[in-house]
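Residue-level structure breakdown
So you can see what is in the structure, the chains are spelled out below.
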Amino acid sequence: MKRIRIKLIILMATFTSSALAAPRILFEVSFKEPQAHYAEIKMEISGLRKDYIDIKMPVWTPGSYLVREYSRHVESLEACDEAGERMPVKKISKNTWRITAGKKDQVIVNYRIYGFEVSVRTNFIDDAHAFLSPAATFMYVDGLLDHPAEVTIVPYRTWSKISTGLEPVAGKPNTFHAPDFDILFDSPIEVGNQDIFTFEAAGVHHEIAMVGGGNYDKERLKSDCAAIVEEATRIFGVNPNKRYVFIVHNYQSGGGGLEHLNSTVLGASRNGYQNERSYVGFLGLVAHEYFHLWHVKRLRPIELGPFDYDAENYTTALWIMEGFTAYYDNLILRRCGFLSENAYLQALAGDVNTVENRAGNRIQPVALASFDAWIKYYRPDENSANTSVSYYNKGALLAMMLDLKILAATQGQKRLDDVLKAAYEEFYVKKQRGFEEHELQALIEDIAGVSVADIFRAAHTVEPLDYNQYLNAVGYELVDHNRGHELPDFGVSTSVSDGRIVVTGVNRGSGAWDGGINVKDELIAINGERLDNGGRELNRILQTAAVGDKLDVLVARDGKLRELSITLNRDTKGAFSIIPLQHATAEQESLGRIWLSR
Ligand SMILES: [Zn+2]
């Protein structure tokens, strides 16, 4: 991708320098009514001299696999020349505006965007600050994605700071340069009065921009983030950035993150920094998004770049991209000493619980979960647990299996770290393209000296995973504390609102599933006993019930009463933990130490 694009730019420069000035695209972002959540965008396109120009807004942003229709927040789009003479504008698709430019040298487009959605991938503007998600803010000229752009920010009068991974333009205040639109769309911008502090790690200058306040300890955060940076860099052997920006949005209750080439946006809970569990969770998010600067932003599957900003970009490899990253975020915390060995093992066991206790794991292969992220993972509904699996949790477990298999096959000489380092070198540095899944598998087999077809096959099927085959080799085992117990399962999840117990989910294969309980049913009585407001009566009945018991359940459905007969099936859910293997050999113990050592 990179090589082809460089050639195109050189060609264009040679061609245009003799005829006309190289086309220029400049943006200016200002804020007249931030309190009403608006930003004003001025886009100046010069040097094109076309009959007409199509400008487009992306429908999605890389890293977040959902068509978000950013153009729905665009309004009052107008175009004119430098003298202010209006040019006709016609909308020709949901996200395309055709401007009749009449071969004029300069086209000035003005539009407004509305932003009031709190997330790491949508615009949010209010009187305190503006977060600009670039794919939701900047339009591109159709066919000129390879083109550079310049962005000038005019902060609202009470704001004084700008944080972004874009390069500042020397001599032009508040102005930034993007070498192409892929980089522009990959560079979020925070404008306001954020608390900015910096640290150096792995030879890279890092900025943390804290938005929204919070009870964080700056010095602790700087040293803990630096430790994460050093550990992540050690895996790949090289840190490709000179500068990296963390934009942290602190809310009453926040989370989630989005990765970029030389920056990230993180959501956090404003007052969670002094709570150890919540703080370690935040560090896990830092490790996750930072790891992505190599794994997905540079080392990537062939389908994820160059991007089509007009439609879904399908890949079956998110179990590798998000799953491996989810495996390494906790492993990096373990290596930094933020997680004890046992805490780390139980976090992994948590992934097993999530995957194995979800009925969808037996329906949807994880590679298909990746392909269908656009219509399933990012669009969950009441049946999602029955029909889909997370490529984060299951991908992390497949990564664990690969890591342990390589460790065992090489007597601890190699592991998944070595695969990632070699893959980065092979595909990002040398070949300068994404990898095909079979190429990655071949590279792993080359390093491991054994086949890993079993693990890759498991990603494309719903066959059960034999965790202990891999864990035993390094002296650990997965145990199910529910094994041997005959526990009854009613099979519903509920919420209590206005004193009513309402069904929010029905588990596939449970008594409720077989007996026809529906989501949205209100549970009123069981075996003639009225269920009390808090659901305590329901719990009491279920705790004293046994497998095979029949329950007469009175429900209200759409305003009508109905009595259903439910037979309690055996609960198939497990309660998993990972513990040291009894009577492990010295070799197994030694491999386990390599796996979990700091
Ligand atoms: Zn991720």
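Here's a quick rundown of the structure. (Residues numbered from 1 in each chain as written. Predicted model: local features only at pLDDT ≥ 70, side-chain atom pairs only at ≥ 80, totals over all residues. Heavy atoms only, no water.)

**Considerations on the pattern of salt bridges**
Any two side chains of opposite charge can pair, given that their charged atoms come close. All told, the structure shown has 34 salt bridges when counted by the stated rule. Put simply, Asp186 and Lys297 hold a salt bridge, and the shortest N to O gap is 3.0 Å. Placement of Asp186 in the loop between α2 (181-185) and β16 (189-192) and of Lys297 in the loop between α4 (276-291) and α5 (318-336) is noted, with a sequence separation of 111 residues between them. Each member of the pair, Asp186 as well as Lys297, is classed as buried. Between Arg433 and Glu439 there is a salt bridge, and its shortest N-O distance comes to 2.8 Å. Assessed through its relative accessible area of 27%, Arg433 is described here as partly exposed. Through salt bridges with shared partners, a single network forms among Glu33, Glu40, Glu75 and Arg112. (Salt bridge = Lys/Arg side-chain N within 4 Å of Asp/Glu carboxyl O. Helix = DSSP H or I, 4+ residues; strand = E, 2+ residues; numbered from the N terminus. Buried < 20%, exposed > 50% of the residue type's maximum accessible area, 1.4 Å probe, protein only.)

**What about unusual backbone geometry?**
The phi angle of most residues is negative, glycine excepted, and most peptide bonds adopt the trans form. Of the consecutive residues Gly305 and Pro306, the connecting peptide bond is found in the cis state with omega at -10°. Locating Pro306 in the fold gives a position in the loop between α4 and α5. Even without being glycine, Gln432 reaches a positive phi, approximately 55°. Considering the arrangement of structural elements, one finds Gln432 in the loop between α10 (416-431) and α11 (437-448). Its identity as a non-glycine residue notwithstanding, His583 has a phi of 60°, on the positive side. Looking at the element boundaries, His583 is found in the loop between β31 (576-580) and α16 (586-596).

**Focus on the coordination of the zinc ion**
Surrounding the zinc ion are the protein donor atoms His288 (NE2), His292 (NE2) and Glu322 (OE), at 1.9 to 2.1 Å. Here the donor residues for the zinc ion map to a single chain with the spacing H-x3-H-x29-E. Of the two residues examined, His288 and His292, each falls in the buried class. (Donors = N, O, S within 2.8 Å, 3.2 Å for Na, K, Ca; no water.)

**Comments concerning the packing of helix α3 (residues 218-236) against α4**
Axis separation between α3 and α4 bottoms out at 10 Å; the angle between their running directions is 40°. Put simply, α3 runs oblique to α4. Like other packed secondary-structure pairs, α3 and α4 cross with a definite hand, here right-handed. Residue-level contacts link Arg220, Leu221, Asp224, Cys225, Ile228, Val229, Ala232, Ile235 and Phe236 of α3 to Glu276, Tyr279, Phe282, Leu283, Val286, Ala287, Tyr290 and Phe291 of α4. (Axes fitted to C-alpha atoms, helices over the stretch in contact; angles between N-to-C directions. Parallel < 35°, antiparallel > 145°, perpendicular 65-115°, else oblique. Left-handed = near helix turned anticlockwise from the far one by under 90°. Contact = heavy atoms within 4.5 Å.)

**Looking at the packing of aromatic side chains**
Ring pairs (aromatic) are described by centroid distance and by the angle formed between their planes. Counted under the stated rule, the structure contains 40 aromatic pairs. A centroid spacing of 4.9 Å and a plane angle of 65° characterise the contact between Phe185 and Tyr309, whose relative ring orientation is edge-to-face. Of the two residues, Phe185 sits in helix α2 while Tyr309 sits in the loop between α4 and α5, which places them 124 residues apart along the sequence. For Phe185, a relative accessible area of 2% translates into the label buried. Taking 6.0 Å as the distance between ring centres and 20° as the angle between the ring planes, the aromatic pair formed by Phe246 and Tyr290 counts as stacked. Residue Phe246 is located in strand β19 (residues 243-251), and its partner Tyr290 is located in helix α4; the two are separated by 44 residues in the primary sequence. The pair formed by Phe246 and Tyr290 is uniform in burial state, with each residue classed as buried. A cation sits over an aromatic face here: Arg112 above Tyr38, 4.4 Å from the ring centre. (Phe/Tyr/Trp six-rings, centres within 6.5 Å; stacked < 30°, edge-to-face > 60°. Lys NZ or Arg CZ within 6 Å of the ring centre and 35° of its normal.)

**Things to note about the state of the cysteines**
One pass over the structure, following the stated rule, counts zero disulfides. Note on Cys225: no disulfide assigned, nearest cysteine sulfur contributed by Cys336 at a separation of 9.8 Å. Since its relative accessible area comes to 14%, Cys336 is described here as buried. (Disulfide = S-S within 2.5 Å.)

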